[in-house]
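Next come the chains, spelled out residue by residue.
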Amino acid sequence: MSIDPQGPVLVEGPVEIVLEDGTIARSERFMVAICTCRRSRTYPWCDTSHRPREKSSPGDQVSDARAPSPVRATVQDRSCA
């Protein structure tokens, strides 16, 4: 588990979370970001709503100040290493 004071709690999956109303949210992903700010539209899963937003210049759309540049990533299987 990893905790970022400015972001979500990262938990190795699969994960089951019991919500306040008793329903169970499940994720089969290998790493799950759990929302701690409660701003997420996909609560209890993080959708990066916690990130600060700022306008870059008049007339521009609101941008994400912490958003990374688009990068292509390749996942490597290290299970045989």
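A. Region of the structure containing the overall build of the chain. Looking only at helices and strands, the chain has zero helices and seven strands in total. Reading the chain from its N terminus to its C terminus gives the helix and strand order β-β-β-β-β-β-β. For the chain, the proportion of its 81 residues judged to be buried stands at 19%. Pairs at least 24 residues apart make up 18% of the contacts formed inside the chain by residues separated by at least 6 positions. Carbon together with sulfur atoms contributes 50% to the accessible area of the chain, which is approximately 7000 Å² in total.

B. How the structure looks around the nonpolar core. One finds Val 9, Val 11, Val 15, Ile 17, Val 32 and Ile 34 forming the largest nonpolar core, which totals six residues. Looking at this core, the elements that each hand over two or more residues are strand 2 (9-12), strand 3 (15-18) and strand 5 (31-34).

C. Just the confidence of the model for the chain, in detail. When the pLDDT values of the chain are averaged, the result is 75; 68% of them are 70 or greater. At the low end of the mean pLDDT range in the chain sits strand 7 (residues 62-64), at 51; at the high end sits strand 4 (residues 24-27), at 94. Contacts from residues 65-81, a stretch scored under 50 in pLDDT, to residues over four places away or in other chains number nine contacts.

How each quantity is defined
Residues numbered from 1 in each chain as written. Predicted model: local features only at pLDDT ≥ 70, side-chain atom pairs only at ≥ 80, totals over all residues. Heavy atoms only, no water. Helix = DSSP H or I, 4+ residues; strand = E, 2+ residues; numbered from the N terminus. Buried < 20%, exposed > 50% of the residue type's maximum accessible area, 1.4 Å probe, protein only. Contact = heavy atoms within 4.5 Å. Areas by Shrake-Rupley, 256 points an atom, 1.4 Å probe, with all protein chains shown as cover. Core = buried A, V, L, I, M, F, W, Y, C linked by side-chain atoms within 4.5 Å. pLDDT = per-residue confidence, 0-100.

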